[in-house]
Amino acid sequence: MPDIIGHNYIGGARSAAGKLTLRSHEASSGAALPYYFHQATGEEVDAAANAAAQAYPAFRSLAPLRRAEFLDAIATQLDALGDDFIQLVTRETALPNARILGERARTSGQMRLFAQVLRRGDFLGARIDRAQPDRQPLPRADLRQYRLGVGPVAVFGASNFPLAFSTAGGDTAAALAAGCPVVFKAHSGHMATAEAVADAIIRAAEQTDMPKGVFNMIYGAGVGEALVKHPAIQAVGFTGSLKGGRALCDMAAARPQPIPVFAEMSSINPVLVLPEALAVRGEHIARELAASVVLGCGQFCTNPGLVIGIRCAAFSVFTEQLAAQLAEQPAQTMLNAGTLASYNNGVQALLAHPGISHLAGQAQVGNQAHPQLFKADVRLLIEGEPLLQEEVFGPATVVVEVADAQQLQQVLNSLHGQLTATLIAQPEDLHTYAHLLPILEQKVGRVLFNGYPTGVEVCDAMVHGGPYPATSDARGTSVGSLAIDRFLRPLCYQNCPDALLPAALQNANPLGIARLVDGQSSRAAL
């Protein structure tokens with residue numbers, strides 16, 4: 001792994017014009033690491049955005065197979081990062097080696113998934129309605145539609161996934177697959193990790209002869225606003241807090257030319273534990289749920305932050321078992337001091353609320369996070385108490401007991417948009433409470449049955465999104481191949497000469513892709 005020099009990445013070169021430097025820190029001790037990172041100046045932000053804009057025409061015009069080669073090359077470079085890299089990420093994040101190894105595989109796997117999408121060609125959405133000159137009462141022109149990348153994309157790195165949702169993460173992979181150059185804002189919590197990954201991307205770009213400026217990266221606090229407001233940027237990808245995501249959405253909407261922000265922000269991921277399931281396997285559910293709550297120190301977007309059950313003796317026993325399980329879980333180091341402070345603030349707010357009781361968990365002392373379990377009065381949810389709608393990012397969850405099926409329906413209707421909802425149920429439960437599924441379908445992006453939400457498969461069918469405030473746009477996903485749709489727009493050609501059409505729409509179908517021709521799917525030449 002090369003030396004970490006802390007210079008910004010602009011147009012295929014490195015830049016350190018600013019005098020302000022930032023330090024990277026060891027997550028476990030808080031000690032500064034021996035790396036300095038130059039905060040991007042306004043001029044450097046401008047240069048990075050312009051470099052992406054200059055790369056865009058050539059990059060979007062590349063054949064999908066050429067972009068696929070680039071993504072595969074990034075994946076290969078990521079897999080080649082050695083033990084010293086894994087140790088670096090561990091030092092910056094306190095995440096264990098096994099987690100980082102798994103996340104690196106997921107990150108390279110995402111790149112390869114989008115390479116498959118590019119080779120498959122369905123992302124182009126090619127549609128052809130051939131001319132009908134003799135149609136009465138009016139003839140029809142030749143109309144052909146496909147999708148192309150929107151332009152340069154600003155991507156903001158997430159703290160909790162330093163690889164899979166960061167420099168070469170899902171947003172970057174989807175944008176590059178769509179033909180959109182990227183300007184990446186490195187997360188302050190793992191800047192050295194970001195640099196090592198950026199180097200891997202640049203090596204892949206050079207190896208596959210990509211345009212200069214296809215990937216750019218800037219460091220610094222406060223540079224995000226200038227990036228989002230830059231006229232060259234045409235879309236934004238973000239994973240983080242509701243406050244941060246909403247701020248970016250407002251900035252983007254206030255531009256002279258508004259642009260979309262695809263922000264994944266806040267979710268409490270309700271888990272419904274239904275009566276027959278409790279009667280059959282309540283203790284087992286308590287053990288599995290506790291493990292899900294504390295997995296990765298609760299630092300997952302899909303952490304189960306709300307557990308809902310119907311009042312009965314079995315649910316009371318289950319709540320006691322869940323409390324006992326969480327009380328036995330050890331404290332863990334969080335990603336950084338800021339994340340720990342936010343978690344402590346969330347826990348203190350729950351402790352201070354008169355309608356919420358504390359069931360399990362040691363007092364928060366030192367630099368580690370202790371798991372916590374609370375129980376809230378159901379009326380708080382029904383009445384819209386904001387505290388119960390907000391994510392507490394860390395190993396904490398809240399139990400709510402409802403009186404009956406009618407009140408359960410009230411509670412579900414009161415919830416804001418979520419990434420996930422989970423039904424822990426026996427077949428009898430699913431029959432009795434089948435009316436709940438349509439409610440959940442309106443509230444979430446993924447419904448789980450007898451599983452736990454802390455785990456997101458990277459594949460074609462996955463949805464990692466949901467109604468606001470889970471995401472800023474429920475029509476998309478930030479995980480899975482459908483994520484490419486966020487950075488594409490449709491374009492129609494009317495009576496265009498064949499030679500000027502993109503390959504996806506030419507009569508000969510040189511890409512060999514499936515196309516909708518006069519309403520019928522076809523791979524044939526015209």
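Before reading on, note that the structure itself is shown above.
Residues numbered from 1 in each chain as written. Predicted model: local features only at pLDDT ≥ 70, side-chain atom pairs only at ≥ 80, totals over all residues. Heavy atoms only, no water.

A. Representation of the overall build of the protein chain within the structure. Of the regular secondary structure elements, the protein chain holds 16 helices and 23 strands. Expected size for 526 residues packed as a compact globule is a radius of gyration near 24 Å; at 25 Å, the protein chain falls within 12% of this value. Overall, the protein chain is about 75 × 65 × 40 Å in size when its C-alpha atoms are taken along their principal axes. Evaluated residue by residue, the protein chain yields a buried proportion of 56% over its 526 residues. Total accessible area computed for the protein chain in this model is approximately 20,800 Å², and 54% of it derives from carbon and sulfur atoms. When the 38 basic and 45 acidic side-chain charges of the protein chain are each reduced to a single mean position, those positions are 7 Å apart. (Helix = DSSP H or I, 4+ residues; strand = E, 2+ residues; numbered from the N terminus. Rg over C-alpha atoms; globule rule 2.2 N^0.38 Å. Buried < 20%, exposed > 50% of the residue type's maximum accessible area, 1.4 Å probe, protein only. Areas by Shrake-Rupley, 256 points an atom, 1.4 Å probe, with all protein chains shown as cover. Lys, Arg positive; Asp, Glu negative; His and termini not counted. Charge placed at Lys NZ, Arg CZ, Asp CG, Glu CD.)

B. How the structure looks around unusual backbone geometry. Following Gln136, the chain continues to Pro137 via a peptide bond in cis, the omega torsion being 10°. Relative to the elements of secondary structure, Pro137 occurs in the loop between strand E5 (127-129) and strand E6 (143-149). That bond from Tyr468 to Pro469 is cis: its omega, 10°, falls within 30 degrees of zero. A positive phi angle, near 50°, is found at Asp518, a position not held by glycine. Counting through the fold element by element, Asp518 comes out in the loop between strand E22 (515-517) and strand E23 (520-522).

C. Local environment of the packing of helix H14 (residues 405-414) against helix H16 (residues 436-443). Interaxial distance between H14 and H16 falls to 9 Å at its minimum, and their mutual angle equals 10°. Of the possible angle classes, the one that applies to H14 and H16 is roughly parallel. Here the hand of the crossing between H14 and H16 comes out left-handed. When H14 is examined against H16, the residues Leu408, Gln409, Leu412 and Asn413 are found in contact with a partner set consisting of Leu436, Ile439, Leu440 and Lys443. By residue class, the composition of the contact of H14 with H16 is five nonpolar, two polar and one charged. (Axes fitted to C-alpha atoms, helices over the stretch in contact; angles between N-to-C directions. Parallel < 35°, antiparallel > 145°, perpendicular 65-115°, else oblique. Left-handed = near helix turned anticlockwise from the far one by under 90°. Contact = heavy atoms within 4.5 Å. Nonpolar A, V, L, I, M, F, W, Y, C, P; charged D, E, K, R; others polar.)

D. Layout of the sheet that holds E5. Ordered by their spatial adjacency, five strands build an open sheet running E21-E6-E5-E22-E23, and the pairing between neighbours is mixed. The open sheet terminates on both sides in strands that have one partner only, identified here as strand E21 (488-494) and E23. Direction aside, the axes of adjacent strands within the sheet are offset by 25° on average. Pairing geometry for E22 and E23, over three bridges, is antiparallel. (Pairing = 2+ DSSP bridges.)

E. Region of interest: empty space enclosed by the protein. Enumeration over the complete set of coordinates arrives at three cavities of 30 Å³ or more. In this structure, the largest cavity spans a volume of roughly 160 Å³. The set of elements that each furnish at least two residues to the lining of the largest cavity consists of helix H13 (386-389) and strand E18 (396-402). No other element matches E18, which puts three residues into the lining of the largest cavity. A class-by-class count of the residues in the lining of the largest cavity yields ten nonpolar, six polar and two charged. Empty space within the second largest cavity amounts to approximately 80 Å³. If you trace the second largest cavity, you find it lined by Phe262, Ala263, Glu264, His464, Gly465, Thr471, Ser472, Asp473, Gly476, Thr477, Ser478 and Arg486. (1 Å grid on protein atoms, 1.4 Å probe; cavity = no way out; pocket = protein on both sides within 12 Å on 5 of 7 lines; lining within 4 Å. Points joined across faces, edges and corners; volume = space filled by probe spheres on them.)

F. Structural detail: the layout of surface pockets. Taken as a whole, the largest pocket encloses approximately 1,100 Å³ of empty space. What lines the largest pocket is a set of 38 residues, among which Phe238, Gly240, Ser241, Leu242 and Gly244 lie closest to the centre. Contributing elements (two or more residues each) for the lining of the largest pocket: helix H7 (223-229), strand E10 (235-239), helix H8 (242-254) and helix H11 (337-352). Residues that form the lining of the largest pocket fall into these classes: 14 nonpolar, 18 polar and six charged.

G. Here's a closer look at the environment of Pro152. Within the fold, Pro152 resides in the loop between E6 and strand E7 (153-156). Accessibility expressed as a relative area gives 4% for Pro152, which makes it buried. Through-space distance from the C-alpha of Pro152 to that of Asn50 is 9.0 Å; in sequence the pair is 102 residues apart. The residues touching Pro152, leaving out its near neighbours within four places in the chain, are Ala52, Ala53, Tyr56, Pro181, Ala232, Ile233, Gln234 and Ala235.

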